[in-house]
Amino acid sequence: MIRASINTILSPAIIGLLLIGLHSACVKAAENGATATALLQNYLPESCYQTGRYQQEKNLAGLTKLLQTQGSFAFACDKGLLWHTAAPLNETLVYRLQGTTQLIKADGSIQKLSGTLQRHLGQMLNHLLGGDSVYLEKNFVITATESGIRLTPRKKRMEKFLRAIDIARTDADVSIRMQHQGEEYTAIRVYELQTLPALTANQCTQLTGVAASACQQLLAP
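Residues numbered from 1 in each chain as written. Predicted model: local features only at pLDDT ≥ 70, side-chain atom pairs only at ≥ 80, totals over all residues. Heavy atoms only, no water.

Caption draft 1: Molecular detail of the state of the cysteines. Per the stated rule, a full pass over the model turns up two disulfides. Here Cys 48 connects covalently by a disulfide to Cys 77, the sulfurs 1.5 Å from one another. Measuring the twist about the S-S bond at about -80°, one finds the Cys 48-Cys 77 disulfide to be left-handed. Here the residue Cys 48 occupies a position in the loop between helix 3 (36–41) and strand 1 (49–59), and Cys 77 occupies one in the loop between strand 2 (67–76) and strand 3 (80–87), the gap between them amounting to 29 residues. Given the relative accessible area of 25%, Cys 48 is considered partly exposed. You can call Cys 77 partly exposed: its relative accessible area is 33%. Residue Cys 204 pairs covalently with Cys 215 via a disulfide, S to S 2.1 Å. On the sign convention where negative is left-handed, the bridge of Cys 204 and Cys 215, at about -80° about the S-S bond, is left-handed. One end of the pair, Cys 204, is in helix 7 (residues 201–208); the other, Cys 215, is in helix 8 (residues 212–219), with 11 residues separating them in the sequence. (Disulfide = S-S within 2.5 Å. Helix = DSSP H or I, 4+ residues; strand = E, 2+ residues; numbered from the N terminus. Buried < 20%, exposed > 50% of the residue type's maximum accessible area, 1.4 Å probe, protein only.)

And the structure:
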């Protein structure tokens, strides 16, 4: 269960959410022989604040069926990421910018998650969603593919839970595939994306469908 929860967290997905605008720029730049630096310089997040929904499937070692989940998310570049799973479980993960991670269960109870993996994962998600080009260049090899882009970790510690991220885009959604160890992978479809000039606790609650307490944890001073 712990392993499944960690892999679900990794979906935050989340990793490609603010890379939406990167696909077309990357392909065009690649055609012009641009370097990874030039590709990243063409990327600017559409907004510091955004929300959306996702559908996810995971292939995990030891399971004969794909693990399917769905839910919503909220991101604030000055606070962090909220990742809500609505089905089949009901739980919310809050990755605060300063590095703390909290698991909020359906009954409202809060559990602080710690450890090296959680810390590195929280840092990676917030830097990616925030469009930190310095972080991206330092930690990933970035290449154009036929359908989008690929991010390959440079560091061994990240390779322990992530081998590569493939991102593609259509007019309606963003597809993200993360390859983990062996045959394990996470495939995510992100849709109904909304960019906002700001994110209040009320907006977070209404747009994601999570409990007010979860949004308050994300947006607390």
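Caption draft 2: Molecular detail of helix 8. Of all the residues in helix 8, the buried ones are Ala 214, Cys 215, Leu 218 and Leu 219. Each buried residue of helix 8 sits inside an arc of 125° when the element is viewed along its axis, so together they form one side. On its buried face, helix 8 sits against strand 2, strand 3, strand 4 (91–96), strand 5 (101–105) and helix 7. (Arc of directions from axis to C-beta. Contact = heavy atoms within 4.5 Å.)

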